[in-house]
Amino acid sequence: MTQTQPKPPQNAIAYFTDVAQKAGLTVPIVFGGKDTKKYIIETTGTGAAIFDYDNDGWPDIFLVNGTTLEGFPAGQAPTNHLYRNNHDGTFTDVAAKAGLNATGWGQGVCVGDYDNDGWEDLYVTYYGKNRLYHNQNGAFTEVAEKAGVAGSGKAWGTGCAWVDYDRDGHLDLMIANYVSLPQPRGRHFRRCHYQSSHRPDRRSLCLQRFHS
C-alpha cells in the first residue's frame, strides 16, 4: 500500500521526505535492546558516512552496525553495510563484496584518504578494538593493527576525525574514547554498574599520527 506524502508547508525553507525504503536502505541497525535499553552502551546509536568509495562520481553510504548484550548465534550477528549508489536514486548493499561486512559493537566512522592514493579509506570505532579499512580500488582490507591504530581493546571508541594537524600533507587521526567498561567475554557482554573509577562523565582522547 502506497503512503501519501504530506504536502510541504507554505513558505518552508527546506522540506524532507523519507525515501529510505524506496531507495533500498531497509536493513535494520542494531544497538542494544529493541524495546528497552537499560545500559548506556545501548543508547548511543551508530555512525554513518556518505562518500564515493568506488570513485564513480556518485556518493555511496556506509552504515555502522552494533549488536545486543545477549549476542547472536554464530553467523547471524548484524554486520556493517555499504550501499553502492545505482545512479537512479536506489542503492545496493555491497558490504560483503567490498570486505566491510564486519560484526561487533560499532560506534563511529570517519572517511579520509590517509595514504594519498586517491581512494577514500574508512576508520570505524568500536567497543573494543577499532578498525581501519584501506580502500584498494573499491575493495577494503582491514589494517588497523598493522597501522598501529587498533587501540588496546580496553577502550570504548566513540568518535573519530581525519585532519592534517601538522600540515605535512598526510592525514592524521583523532579518536575520542568514552567511559571505561569491562570487555566482552565471547559473544556475551558482562553487565555492570558504574563505580567510582568508571564514571559516565570520564572521557579520554587519543591522537594517532601516521608516519609517511
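Fair warning: this is a prediction, and the values are worked out from it, not measured in the lab. (Residues numbered from 1 in each chain as written. Predicted model: local features only at pLDDT ≥ 70, side-chain atom pairs only at ≥ 80, totals over all residues. Heavy atoms only, no water.)

1. Observations concerning unusual backbone geometry
Residues other than glycine seldom take positive phi values, yet Asn11 does so here, at roughly 65°. Within the secondary structure layout, Asn11 lies in the segment before α1 (20–23). Residue Asn11 is classed as exposed on the basis of its relative accessible area of 79%. (Helix = DSSP H or I, 4+ residues; strand = E, 2+ residues; numbered from the N terminus. Buried < 20%, exposed > 50% of the residue type's maximum accessible area, 1.4 Å probe, protein only.)

2. Re the environment of Val30
With respect to the helices, strands and loops of the structure, Val30 is situated in the loop between α1 and β1 (48–51). C-alpha separation for the pair Val30 and Gly45, spaced 15 residues apart in sequence, amounts to 8.1 Å. Dropping the residues within four chain positions of it, Val30 is found in contact with Thr46, Asn65, Gly66, Thr67, Thr68, Phe72 and Pro78. (Contact = heavy atoms within 4.5 Å.)

3. Details of the packing of aromatic side chains
Enumeration over the complete set of coordinates arrives at five aromatic pairs. Aromatic side chains Tyr114 and Trp162 sit 5.9 Å apart centroid to centroid with 10° between the ring planes, which places their arrangement in the stacked category. Note that Tyr114 is positioned in the loop between β5 (106–112) and β6 (121–126) and Trp162 in strand β9 (residues 157–163), a separation of 48 residues in sequence. Of the residues examined, Tyr114 reaches a relative accessible area of 13% and is grouped as buried. What makes Trp162 buried here is its relative accessible area of 12%. Ring centres of Trp156 and Tyr178 lie 5.1 Å apart, and the angle between their planes is 75°; on these two criteria the pair is classed as edge-to-face. Here Trp156, found in the loop between α3 (144–147) and β9, pairs with Tyr178, found in the loop between β10 (172–177) and β11 (204–208); they are 22 residues apart in sequence, far enough to count as distant. The buried category is assigned to Tyr178, whose relative accessible area is 19%. Here a set of aromatic residues connected by ring pairs shows up, and it is made of Tyr114, Tyr123 and Trp162. Sitting above the plane of the Phe31 ring, Lys37 keeps its charged end 4.3 Å from the centroid. (Phe/Tyr/Trp six-rings, centres within 6.5 Å; stacked < 30°, edge-to-face > 60°. Lys NZ or Arg CZ within 6 Å of the ring centre and 35° of its normal.)

4. A look at the confidence of the model for the protein
With 82% of its residues at a pLDDT of at least 70, the protein reaches an overall mean of 85. Below pLDDT 50 for its whole length, residues 186–208 participates in 52 contacts with residues either more than four positions away or in separate chains. (pLDDT = per-residue confidence, 0-100.)

5. So, the environment of Ile61
Considering the arrangement of structural elements, one finds Ile61 in strand β2 (residues 60–63). Between the alpha carbons of Ile61 and His81 there is a distance of 8.1 Å; along the sequence they are 20 residues apart. When near neighbours in sequence (up to four residues on either side) are disregarded, Ile61 contacts Leu25, Ala49, Ile50, His81, Leu82, Tyr83 and Phe91.

6. Some points on the side chain of Asn85
In this structure, Asn85 sits in strand β3 (residues 81–85). Its relative accessible area of 7% is what places Asn85 among the buried residues. Within the structure, Asn85 has its side chain in polar contact with the backbone oxygen of Pro59 (distance 2.9 Å). At a separation of 2.8 Å, a polar atom in the side chain of Asn85 contacts the main-chain amide nitrogen of His87. The residues contacting Asn85, other than those within four sequence positions of it, are Asp56, Trp58, Pro59, Asp60, Thr90 and Phe91. (Polar contact = N/O pair within 3.5 Å; in protein donor to acceptor, adjacent residues only side chain to side chain.)

7. Some thoughts on the state of the cysteines
What the rule picks out here adds up to one disulfide. Put simply, Cys110 and Cys160 are joined by a disulfide, and their sulfur atoms are 2.5 Å apart. Every disulfide takes its handedness from the sign of the S-S torsion; for Cys110 and Cys160 that torsion is -125°, giving left-handed. A residue pair is termed long-range when its members are at least 10 positions apart, and Cys110 in strand β5 and Cys160 in strand β9 qualify at 50 residues. (Disulfide = S-S within 2.5 Å.)

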